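Given next are the chains, with one letter for each unit.
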Amino acid sequence: MELTDSHTHLDFPDFDADRAEVLNRSRQLGVRRMVVLGVYQQNWQRLWDLVQSDADLFAAFGLHPVYLDDHRPADLTELGDWLTRLNGHRQLCAVGEIGLDYFLEQLDRERQQRLFEAQLKLAVDFQLPALLHVRRSHAAVIATLKRIRLPRGGIIHAFAGSQEEAREYIKLGFKLGLGGAATWPQALRMHKVIARLPLESVVLETDSPDMAPVMYPGQRNSPEHLSDICAALAERMGISPSTLAEASTHNACELFNW
């Protein structure tokens, strides 16, 4: 069973002590390709160095809304420079992690919106998918995506929206990222939604080291857990783990042109 982790932060210090071992164990459990996402300018070089050490790691670069107060105006220009320099490289796969976060009330929404739109336009310019962080901001994100159309779509990371929002994203060319959050028994609404999602619109992810699934409460999340996440979600969807693994990997390969 081949799996693809479409959203990881393997460059984070949480993995410094055993990153090689994590990668090895993940591969033994069927996780072949992994996407590592940048969140602020200071981690882009570290991320790229990591990706260059392994042919089955892929990089996305972005300015995450949660780190809004850490971003400098020059970082947006530098993001464009990075994308220009790496344009066409097989291991550059997307712009991300970008988006809107309305859960954290201290984050200025107008500044978030300006940054989000500027990065979406970079995704358009460089013909790349966008990997989106969306927390309590589905209406604003959908409205923005309708104005700034992405030819290659992208992924709604940790999708936790409604059936109607899922349909809107799918119409806009986006895949829906499912991971550890949907494995928890209290995620009742999400269980109903994922049971009705079209299989061709789903990709699997861990968001490691965050968002551990129910099987590993309070632990560091890891790509190693993707097979267990896959099994738990497949049960919710009424299909076999191998069916979900095959479909999600196919969807990721299609999205990223692998």
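Residues numbered from 1 in each chain as written. Predicted model: local features only at pLDDT ≥ 70, side-chain atom pairs only at ≥ 80, totals over all residues. Heavy atoms only, no water.

Student: Outline helix 2 (residues 44-52), supporting the account with residue identities and numerical values.
Tutor: Of the positions making up helix 2, those classed as buried are Trp 44, Leu 47, Trp 48, Leu 50 and Val 51. All buried residues of helix 2 lie within an arc of 160° about the axis, which places them on one face of the element. Those residues of helix 2 that are buried lie in contact with helix 1 (19-28), strand 2 (31-37), strand 3 (57-61), helix 3 (73-86) and strand 4 (92-101). (Buried < 20%, exposed > 50% of the residue type's maximum accessible area, 1.4 Å probe, protein only. Helix = DSSP H or I, 4+ residues; strand = E, 2+ residues; numbered from the N terminus. Arc of directions from axis to C-beta. Contact = heavy atoms within 4.5 Å.)

Student: Explain the sheet that holds strand 1 (residues 3-8) to me, and be specific about the residues and the numbers.
Tutor: A sheet is described by the order of its strands in space; here eight strands give the open sequence 1-2-3-4-5-6-7-8, paired in parallel fashion. In this open sheet, the two edge strands, each paired with only one partner strand, are strand 1 and strand 8 (202-204). Each neighbouring strand pair of the sheet contributes to a mean axis angle of 30°, computed without reference to strand direction. Bridge analysis of strand 5 (residues 130-135) against strand 6 (residues 154-157) gives four bridges, and the strand direction is parallel. Paired with Ala 130 across the bridge in strand 6 is Gly 154. Set on the sheet, helix 5 (residues 138-147) makes contact with strand 4, strand 5 and strand 7 (174-178); between it and strand 5 the angle comes to about 150°. (Pairing = 2+ DSSP bridges. Axes fitted to C-alpha atoms, helices over the stretch in contact; angles between N-to-C directions.)

Student: Describe in detail the pairing of strand 3, supporting the description with residues and values.
Tutor: Taken residue by residue, a regular strand's side chains alternate between the two faces of the sheet. With five of its five residues buried, strand 3 lies for the most part within the structure. Because side chains alternate across strand 3, one face comprises the buried residues Leu 57, Ala 59 and Phe 61, and the other comprises Phe 58 and Ala 60, equally buried. Pairing between strand 2 and strand 3: four bridges, direction parallel. Its bridge partner lying in strand 3, Met 34 is registered against Leu 57. Each parallel crossover has a hand, and the one from strand 2 via helix 2 to strand 3 is right-handed. Inspection of the sheet shows strand 3 paired to strand 4 by three bridges, in the parallel sense. What sits directly across from Ala 60, in strand 4, is Ala 94. (Right-handed = clockwise from strand over helix to strand, strands pointing away.)

Student: How would you summarise the side chain of Asp 18 if you had to cite specific residues and measurements?
Tutor: As for its position among the elements, Asp 18 is in the loop between strand 1 and helix 1. Discounting residues that sit within four places of it in the chain, Asp 18 has contacts with Arg 25 and Arg 220.

Student: An account of the UniProt feature "binding site: a divalent metal cation 1" (unreviewed entry) in the protein is needed here, citing residue identities and associated values.
Tutor: Residues annotated in UniProt with the feature "binding site: a divalent metal cation 1" (unreviewed entry) correspond here to His 7, His 9, Glu 97 and Asp 207. A maximum C-alpha distance of 10.9 Å is found for the annotated residues, which run over 201 residues; spatially they form one tight group. In this structure, His 7 sits in strand 1. In this structure His 7 touches Val 35, Leu 37, Glu 97, His 157, Glu 205, Thr 206, Asp 207 and Ser 208, once residues within four positions along its chain are discounted. Tracing the backbone through its elements, the reader meets Asp 207 in the loop between strand 8 and helix 8 (226-237). Residue Asp 207 is classed as buried on the basis of its relative accessible area, which comes to 7%. Setting aside chain neighbours within four positions, we find Asp 207 in contact with His 7, His 9 and His 157. (UniProt positions renumbered as here; feature names shortened; annotations may be inferred.)

Student: A description of the packing of helix 4 (residues 109-125) against helix 5 should follow, citing residues and the corresponding values.
Tutor: Between helix 4 and helix 5, the shortest axis-to-axis distance is 11 Å and the interhelical angle comes to 40°. Here helix 4 is positioned oblique relative to helix 5, judged by the angle of their axes. With respect to the hand of their crossing, helix 4 and helix 5 are arranged in right-handed fashion. Contacts from Gln 113, Phe 116, Glu 117 and Leu 120 in helix 4 reach Val 141, Thr 144, Leu 145 and Arg 147 in helix 5. (Parallel < 35°, antiparallel > 145°, perpendicular 65-115°, else oblique. Left-handed = near helix turned anticlockwise from the far one by under 90°.)

Student: Break down the nonpolar core for me, citing the residues and quoting the values.
Tutor: Ranked by internal contacts, the top residues of the largest apolar core, which has 68 residues, are Leu 10, Phe 61, Leu 120, Leu 132, Leu 145 and Tyr 169. Here this core takes six residues from helix 8, the largest share from any one element. Among residues more than four places away in sequence, those in contact with Tyr 169 are Val 134, His 138, Val 141, Ile 142, Leu 145, Ile 156, Phe 159, Phe 174 and Leu 176. If you look at the next biggest cluster of nonpolar residues, it comprises twelve residues, including Phe 58, Ala 60, Ala 252 and Phe 256. (Core = buried A, V, L, I, M, F, W, Y, C linked by side-chain atoms within 4.5 Å.)

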